[in-house]
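Geometric and topological summary
Listed below, chain by chain, are the residues.
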Amino acid sequence: MRERLDNEKSGNESFVKRVFKEYYSKWYGEPPKNYNMREYAFIISRKGDMIRHKAFESWDEVREFLRKNVPLHGFYSSAYYLQPSAPDMDAKGWIGADLIFDIDVDHIHTPCKDVHDKWVCLDCGVVDKGMPPEVCHRCSSKRIEAKTWFCEKCLDVAREETIKLVEDYLIQDFGFSPKEVSIVFSGRRGFHVHVESDIVKGLDQRARREIVDYVKGVGLTLTSKKRKVLLPPLNAGGWHGRIAKGVYELLNSCQVDDLIRLLGLKRGPQIEENVREIIKRLEEGKRCSTLSGMASKIWLKAVEKAIAYKRCEVDERVTTDIKRLIRLPGTLHGGTGLIVMRIGLKDVETFDPYTHAVAFKRDYVKVRVLNMPKITFLGQEWGPYDNEVVEVPLGLAVYLICSDNAIVIDEVL
Amino acid sequence: MVFSKLDAAIYPFINLASQIVKELEENLGINVILSPGSEVLKRSIERIKEAIYSRVTSVYRADLDVEILSHPVAMLLLKSIKDTRLLHIYAEAEKNRVFLNLLSEDYEKLLALAIDGFNWHVIRENYTFFIRFDDYLKASINIIDSHWKLVNRKLVNGYVELSRRDFSRLMAEAYKTRVLEKASQEEVIQIPEHIKGIVEELNKEVQGVLPKVDVRITHISGEFNPLAFPPCILRLLEDADKGKNLPHMARFTLATFLISIGKRPEELLDIFRKMPDYDERKTLYHLRHVAGEIGSRTKYIPPSCATLRTFNLCSPDDDLCSKVKHPLIYYSKKLRTIKRG
Ligand code: SF4
Ligand SMILES: [Zn+2]
Ligand SMILES: [Zn+2]
């Protein structure tokens, strides 16, 4: 049994290699800024280690390398180095780094995960639905394997966070020009946002931490130095204005009854009165005013909601790392076979990874699908499948094989 | 804006200051500047002492050349002492001086200083400054105060809005960072033989008063009873009352002793009021620093008996003195005996 599985897996791997080779044979890619000052890294085969510290003098060399080695995964450094190929990090000579954000549904709670995600503990064998925990709740093991899917709802969340990050934060608050910001589909369950700008290039980890905290709304003080609860005016810039607007929208769009439920308040006659007072103050406000009593209670609860709604869910480890390896746009993601793809800001809204990031759009293949929920792929519904042999589009077959959800049967392309 | 020589003395970070330093060094020669008994050397040592005892350096206006040169020379001395705590205290005191002076400059001048000294990207609109966020982050990162976190600032279109006061504070912080960076730069420093003695002496004094990392005598009861004061403190109080001009170390001992037993800085103003160089605002400022209420938040305790002895500030007149090593211990022991009657 074990042997058969290994055979099948190696069948899978050679299949994947073959289709990836096809993809890279016509590959041009798009060089990142100062591509010859970056470190590159690749994973060539499933069992192989990561090859690091590669550097390329010309973009043709990159293409040549991909064509020859057909890696499963390709990365480049967010950092610029004097000697990107030096094996020792200190000898590389760090010059600066792009500012990177990672929006990944893996780290965001979406309710649909309870429906489509599963995880198994490799030590005690516990199986459960939903987001995988850090450690197994039965045996505390960290060896947890997750089976995750990226559904329409997950995609919506990731898209929304990305647009919010770019429009509200990077462009509006931080003042980057849209030309300095690029959005990349990560190839699996989210987006990477790269900021290539001289303004951020030299910032150290601590400065980048401040930027992440800003985007995530971490460390906001809602009171004055004397611990009075503050109500900022609607036109206040930055987070305080964002909070004022958020609360204003919330209070104006809800009936009092809904508000009481939403904010978890105790019903009382002063609530309506206080809500009106807050709205009035927000409208009139020229500078911060202070609140007390019931009004401050309602305000603070509403602020909590406003922050949760306006903040941006990014992975801070990625942004604060100034020597991060990040997926090279244009390459294939070895866990999905999808293209790690640059997308214009105005196209994010309509971006559909199962159409736009599919590298193999023609041909059909026969595979044994082990498990798959219902999926819309290339504009058509497929599945659900449970351990059955089916003929599916090549792109979907690659997707399922790469993610260990299917086995190749018909190898004829 | 054209800066004056006084500006260069107060704000060592502007280009004019380094220009003047360079010219003076060329004209006078480093040997003259560091010669025994040179005014510059004296002022540099004074500057470091001011930093320790008052947590803020002053501006010596009588000879601006001397004042301008004394900063790099002080840095040289600090580098040869190689005590990071002392270096931080000096940098903090320099920052405080710059901040206090910036507070009374006008908007145009503040803007000019920031651009000349730090190449900041700043815009001024009426009574507000706008600084580009990368400049803001680099300068504010060491301020541990939630109001300085970027998330609590008004950030629009890449620029952070700052009041005049905060703008001044930020500039002072940037200066402090620069002092620390300069001091940590690796370079071979040659100090003349005769200075080594001076450096050693200064170092000894410094070690006697710098806050010890592991201070055991932190909490003395808040009780205030002059009857239990040790003789050294009583004598200092007397001298102060007579309006004698007490040296740094004496003022420092008085202030730290009284603060340690629970006095608030404002309550100590009366003690120093009779000093010839009394300035209420400045005195309160450094008392609050010594108390750890502002600035680096290090709370100082008075020097030990041994240190006070080397400064001729010890004047034992009872048996208890021979049994204690620290004036605060004297106080707590004496309090207990008084209570027992
Ligand atoms: S022995 Fe100590 S406590 Fe007594 S007078 Fe001298 S310094 Fe003060
Ligand atoms: Zn387990
Ligand atoms: Zn989902």
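We now examine the coordination of the zinc ion (ligand 3). In ideal tetrahedral geometry, four donors around a metal make angles of 109.5 degrees, whereas ideal octahedral geometry with six donors gives angles of 90 or 180 degrees. Residue and element names in this part refer to chain A. In the first shell of the zinc ion (ligand 3), the protein supplies Cys 112 (SG), His 116 (NE2), Cys 151 (SG) and Cys 154 (SG), at 2.1 to 2.3 Å from the metal. Linear spacing of the donor residues for the zinc ion (ligand 3) on their chain is C-x3-H-x34-C-x2-C. Of this pair, His 116 sits in helix 3 (residues 113-116) while Cys 151 sits in the loop between strand 9 (144-147) and helix 4 (152-173); the two residues are 35 residues apart in sequence, bridging distant segments of the chain.

Residue and element names in this part refer to chain B. Taken together, Pro 230, Pro 231, Cys 232, Cys 305, Leu 308, Cys 314, Ser 315, Pro 316, Cys 321 and Pro 327 make up the full set of residues near ligand 1. Where the shell around ligand 1 is concerned, the elements lending two or more residues are helix 11 (231-241) and helix 15 (305-310). Classifying every residue of the shell around ligand 1 by side-chain character gives nine nonpolar, one polar and no charged.

This next bit is on the sheet that holds strand 20 (residues 406-408) of chain A. Residue and element names in this part refer to chain A. Taking strand neighbours across the sheet as the criterion, the three strands line up as 19-16-20 in an open arrangement whose pairing is antiparallel. Looking at which strands have only one partner, the edges of the open sheet turn out to be strand 19 (385-393) and strand 20. Direction aside, neighbouring strands of the sheet carry axes that sit 30 degrees apart on average. When strand 16 (residues 364-372) meets strand 19, the two strands line up antiparallel, connected through eight bridges. Of the residues in strand 19, the one forming a bridge with Val 365 is Val 392.

Further remarks concern the pattern of salt bridges. In total, this model carries 59 salt bridges over all chains according to the counting rule given. A salt bridge links Arg 159 of chain A to Glu 152 of chain A; the shortest N-O distance between them is 3.7 Å. A relative accessible area of 10% means that Arg 159 of chain A is categorised as buried. Connected through shared salt-bridge partners, Arg 43, Arg 47, Glu 50, Glu 67, Glu 94 and Arg 97 of chain B make up one network.

Residue and element names in this part refer to chain A. Here strand 7 (residues 118-121) shows a buried face lined by Trp 119 and Cys 121 and an unburied face lined by Lys 118 and Val 120. Two elements, strand 7 and strand 8 (residues 127-129), share three bridges in a ladder whose sense is antiparallel. Residue pairing across strands places Trp 119 opposite Asp 128, the latter belonging to strand 8. Connecting the antiparallel pair strand 7 and strand 8 is a turn made up of five residues, with Gly 125 showing a positive phi of about 85 degrees. Where strand 7 and strand 9 come together, four bridges link them in antiparallel fashion.

Next up on the list: unusual backbone geometry. Trans is the prevailing form of peptide bonds, just as negative phi is the prevailing case for residues other than glycine. All names here are of chain A. The residue after Gly 383, namely Pro 384, is reached through a cis peptide bond having omega 0 degrees. In this structure, Asn 34 is a non-glycine residue whose phi angle is positive, near 50 degrees. Its location among the elements puts Asn 34 in the loop between helix 1 (2-25) and strand 1 (40-43). Even without a glycine there, the phi angle at Asp 404 is positive, about 65 degrees. For Asp 404, the position within the fold is in the loop between helix 13 (394-402) and strand 20.

Further remarks concern the interface of chain A and chain B. The interface of chain A with chain B comprises 29 residues on the first partner and 20 residues on the second. The interface formed by chain A and chain B contains two salt bridges. Between Lys 149 of chain B and Glu 210 of chain A there is a salt bridge, and its shortest N-O distance comes to 3.1 Å. For the pair chain A and chain B, the interface holds nine residue pairs in polar contact (both at pLDDT 80 or more). The set of elements that each furnish at least two residues to the side of chain A that touches chain B consists of helix 4, helix 5 (198-201), helix 6 (205-216) and helix 7 (238-253) of chain A. Element by element, the count of residues in the side of chain A that touches chain B is highest for helix 6 of chain A, at six residues. Residues that form the side of chain A that touches chain B fall into these classes: 13 nonpolar, 11 polar and five charged.

This part takes up the coordination of the zinc ion (ligand 2). All names here are of chain A. Those protein atoms acting as donors to the zinc ion (ligand 2) are Cys 121 (SG), Cys 124 (SG), Cys 136 (SG) and Cys 139 (SG), and they sit at 2.2 to 2.3 Å. Here the zinc ion (ligand 2) is ringed by four donor atoms whose angles at the metal span 106 to 113 degrees, and the overall shape comes out tetrahedral. In terms of primary sequence, the donors binding the zinc ion (ligand 2) are separated according to C-x2-C-x11-C-x2-C. You can see Cys 121 sitting in strand 7 and its partner Cys 139 sitting in the loop between strand 8 and strand 9, a full 18 residues away along the chain.

Residue and element names in this part refer to chain A. Along the chain, Arg 242 turns up in helix 7. Taking relative accessible area as the criterion, Arg 242 reaches 8% and is therefore assigned buried. Those residues in contact with Arg 242, other than ones at most four positions away along the chain, are Asp 168, Tyr 169, Gln 172, Asp 173, Tyr 214 and Lys 310.

Let's shift gears to the nonpolar core. In terms of nonpolar packing, the biggest core is built from 225 residues, with Phe 20, Phe 101, Leu 165 and Trp 299 of chain A together with Trp 120, Phe 133 and Met 171 of chain B touching the most fellow members. Looking at which element gives the most residues to this core, the answer is helix 5 (residues 64-81) of chain B, with 11 residues. The contact partners of Trp 299 of chain A, leaving out residues within four places of it in the chain, are Val 229, Leu 230, Leu 231, Pro 232, Ile 243, Ala 244, Val 247, Ile 278, Leu 282 and Leu 291 of chain A. Of all hydrophobic cores here, the second largest spans five residues; its members include Cys 305, Cys 321, Val 324 and Tyr 330 of chain B.

To describe a pair of aromatic rings, one takes the distance between the centres and the angle between the planes. For the structure on display, the rule yields 37 aromatic pairs over all chains. Their ring planes at 75 degrees and their centres at 5.2 Å tell us that Phe 174 of chain A and Tyr 214 of chain A sit as a pair that is edge-to-face. Of the two residues, Phe 174 of chain A sits in the loop between helix 4 and strand 10 (181-185) while Tyr 214 of chain A sits in helix 6, which places them 40 residues apart along the sequence. For the pair shown, Phe 174 of chain A and Tyr 214 of chain A are each scored as buried. Among the aromatic residues, those joined into a cluster by ring pairs are Tyr 11, Phe 13, Tyr 107, Phe 118, Trp 120, Tyr 127, Phe 129, Phe 167 and Tyr 175 of chain B. Seen from the ring of Tyr 80 of chain A, Arg 38 of chain A lies directly overhead, with NZ or CZ sitting 4.0 Å from the centre. Lying across the ring of Tyr 80 of chain A, Lys 201 of chain A places its NZ or CZ 4.8 Å from the centre.

Cut-off values and rules
Residues numbered from 1 in each chain as written. Chains lettered and ligands numbered in written order. Predicted model: local features only at pLDDT ≥ 70, side-chain atom pairs only at ≥ 80, totals over all residues. Heavy atoms only, no water. Donors = N, O, S within 2.8 Å, 3.2 Å for Na, K, Ca; no water. Helix = DSSP H or I, 4+ residues; strand = E, 2+ residues; numbered from the N terminus. Near = heavy atom within 4 Å. Nonpolar A, V, L, I, M, F, W, Y, C, P; charged D, E, K, R; others polar. Pairing = 2+ DSSP bridges. Axes fitted to C-alpha atoms, helices over the stretch in contact; angles between N-to-C directions. Salt bridge = Lys/Arg side-chain N within 4 Å of Asp/Glu carboxyl O. Buried < 20%, exposed > 50% of the residue type's maximum accessible area, 1.4 Å probe, protein only. Contact = heavy atoms within 4.5 Å. Polar contact = N/O pair within 3.5 Å; in protein donor to acceptor, adjacent residues only side chain to side chain. Tetrahedral: all angles 85-135°; square planar, octahedral: opposite > 155°, others 65-115°. Core = buried A, V, L, I, M, F, W, Y, C linked by side-chain atoms within 4.5 Å. Phe/Tyr/Trp six-rings, centres within 6.5 Å; stacked < 30°, edge-to-face > 60°. Lys NZ or Arg CZ within 6 Å of the ring centre and 35° of its normal.

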